[in-house]
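# Structural features, examined
Given next are the chains, with one letter for each unit.
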Amino acid sequence: QVQLVESGGGLVQAGGSLRLSCAASGCTFSDYAMGWSRQAPGKEREFVAAFRWIGGSTSYTDSVKGRFTISRDNAKNTVYLQMNGLKPEDTAVYYCYADHYGLGLSIYWGQGTQVTVSS
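Description of the structure in this document. All residue numbers refer to positions counted from 1 along the written sequence of the respective chain. For a predicted model such as this one, the threshold for reporting local features is a pLDDT of at least 70, and the threshold for listing and counting side-chain atom pairs is 80 or more; totals across whole chains, interfaces and linings nevertheless cover every residue. Each side-chain value is worked out from all heavy atoms of the structure, with water and hydrogens disregarded.

### Focus: the pattern of salt bridges
Think of a salt bridge as a Lys or Arg side-chain nitrogen and an Asp or Glu carboxyl oxygen that are within 4 Å of each other. Tallied over the entire structure, the rule returns four salt bridges. As a salt-bridge pair, Asp90 and Arg38 come within 3.0 Å of each other at their nearest N and O atoms. Pair noted here: Asp90 is in the loop between strand S8 (78–83) and strand S9 (92–100) and Arg38 is in strand S4 (residues 32–39), with a separation of 52 residues, a long-range link. An identical accessibility class is assigned to Asp90 and Arg38; each is buried. Salt bridges sharing partners connect three or more residues here, namely Arg38, Glu46, Arg67 and Asp90. Runs of H or I in DSSP of at least four residues are treated as helices and runs of E of at least two as strands, each being numbered from the N terminus. Under the scheme applied here, a residue whose accessible area is under 20% of the maximum for its type counts as buried, over 50% as exposed, and between as partly exposed, the area being computed with a 1.4 Å probe on protein chains only.

### Quick word on the environment of Gln111
Of note, Gln111 is situated in the loop between strand S10 (107–109) and strand S11 (113–118). Here Gln111 falls in the partly exposed class, since its relative accessible area comes to 48%. Sequence separation between Gln111 and Val48 is 63 residues; the distance between their C-alpha atoms is 16 Å. Ignoring any residue separated from it by four or fewer positions in sequence, one finds Gln111 in contact with Leu4, Val5, Glu6 and Tyr95. Note on definitions: a residue-residue contact is assigned when non-hydrogen atoms from the two residues lie within 4.5 Å.

### Some thoughts on the nonpolar core
In terms of nonpolar packing, the biggest core is built from 30 residues, with Met34, Trp36, Val79, Leu81, Met83 and Tyr94 touching the most fellow members. The set of elements that each furnish at least two residues to this core consists of strand S3 (18–25), S4, strand S5 (46–51), strand S7 (68–73), S8, S9 and S11. Ignoring anything within four residues of it in the chain, the contact list for Leu81 reads Leu18, Arg19, Leu20, Trp36, Val48, Ala49, Phe68, Thr69, Ile70 and Tyr94. We call a set of buried Ala, Val, Leu, Ile, Met, Phe, Trp, Tyr and Cys residues a nonpolar core when their side-chain atoms join them within 4.5 Å.

What follows is the structure in structure tokens.
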């Protein structure tokens, strides 16, 4: 059973930085395209950043380009989201996900970590 555990969320002032981590277990980590989504209060969950399965390149939603960076350490079965220049509109629960072979057919989610950005 794939398990994903996020950490690193918290309260930060606008302009600050946080690094989220997502540790995976119960799976062959390299078989999964990893990514992050977020859900703000009263809004639907939205895509933030991910590794594409083919080629391993990265993809970001427009609102975080140039501020957020996704990375992964296959040796540690961990994916990271470095968030710089945080804005109040980045406030959300951030979820890590693992997509088996990047097919969108078998996706596992973590429990989420809260990020709150004060103005």
